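Structural features, examined
Here are the chains, one letter per residue:
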Amino acid sequence: MSSRGRSMLATSVVLLAGCTTTTSGAAPTVGAATTASTPAACATRVETGSLPDWADAGFSGDARVPHVFGAKGDIVAVLFAHPLRQVRKDGSNNKILWVARAATTSPDPTAAATLVITATLAGTDTRVIREVAGGPGPSIIDLPQAGCWRLDLAWSGHTDTMDLVYAP
């Protein structure tokens, strides 16, 4: 290849690289749920494949329900209402089944079993706390505004985080 051809190729590569954009300085999450009202940085990834073996108790066959894994993989939110909504006009509710990965020992045996959810609306200082008595299990989790919510989850000495999107 001539030196002019190599120069043009190098310029093309630089131009192509310059066209690639990301938000918040990070690569977008594959499968991330984003909408016009949801910040692109929301890392929600709603899975629709089979639940992992440790989370499929009570389900029959090949349980394929929408679910979201915690960042550490220690908990999964099984979404019986998908999408989650800030207002549900059809009379249904935002039912979430929280399933924690079984641990042989609790990091803190004196910690309360209650699942404490500290939810923060992305880009704001809006924060609410929800609790699921008895620890991970069935719940109705309503949040006060539509958008991307970062959930800090704590139960029985364990912690994990996840993002959930609530539609208007």
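So, here's what we can say about the structure. (Residues numbered from 1 in each chain as written. Predicted model: local features only at pLDDT ≥ 70, side-chain atom pairs only at ≥ 80, totals over all residues. Heavy atoms only, no water.)

1. A few points about unusual backbone geometry
Cis rather than trans, the peptide bond between His 82 and Pro 83 has omega equal to 5 degrees. Note on placement: Pro 83 falls in the loop between strand 2 (75-79) and strand 3 (84-85). Here Ser 156, not a glycine, exhibits a phi torsion of approximately 45 degrees, which is positive. Among the secondary structure elements, Ser 156 is positioned in the loop between strand 8 (147-155) and strand 9 (158-167). (Helix = DSSP H or I, 4+ residues; strand = E, 2+ residues; numbered from the N terminus.)

2. Quick word on the nonpolar core
Core analysis: the largest hydrophobic core is formed by 22 residues, its most contacted members being Ile 96, Trp 98, Leu 151, Leu 153, Met 162 and Leu 164. Of all elements in the fold, only strand 2, strand 4 (95-100), strand 5 (115-121), strand 6 (127-132), strand 8 and strand 9 reach the threshold of two or more residues within this core. Not counting the four nearest positions on each side in its chain, Met 162 is found in contact with Val 68, Phe 69, Gly 70, Ile 75, Ala 77, Trp 98, Trp 149, Arg 150, Leu 151 and Leu 153. Ranked by size, the runner-up nonpolar core spans 8 residues in total, among them Leu 51, Val 65, Leu 97 and Val 99. (Core = buried A, V, L, I, M, F, W, Y, C linked by side-chain atoms within 4.5 Å. Buried < 20%, exposed > 50% of the residue type's maximum accessible area, 1.4 Å probe, protein only. Contact = heavy atoms within 4.5 Å.)

3. Concerning the side chain of Thr 118
Its location among the elements puts Thr 118 in strand 5. Beyond its immediate sequence surroundings of up to four residues, Thr 118 is in contact with Arg 127, Val 128, Ile 129, Arg 150, Leu 151 and Asp 152.

4. Observations regarding the side chain of Asp 160
Among the secondary structure elements, Asp 160 is positioned in strand 9. With no salt bridge to any partner, buried Asp 160 finds its closest opposite charge in Lys 72, at an N-O distance of 5.9 Å. Of note is the side chain of Asp 160, whose polar atom sits 2.8 Å from the backbone nitrogen of Lys 72. Polar side-chain contacts of Asp 160 include one of 3.4 Å to the backbone nitrogen of Gly 73. Those residues in contact with Asp 160 that lie beyond four places of it in its chain are Gly 70, Ala 71, Lys 72, Gly 73, Asp 74, Ile 75, Leu 151, Asp 152, Leu 153 and Trp 155. (Lys, Arg positive; Asp, Glu negative; His and termini not counted. Salt bridge = Lys/Arg side-chain N within 4 Å of Asp/Glu carboxyl O. Polar contact = N/O pair within 3.5 Å; in protein donor to acceptor, adjacent residues only side chain to side chain.)

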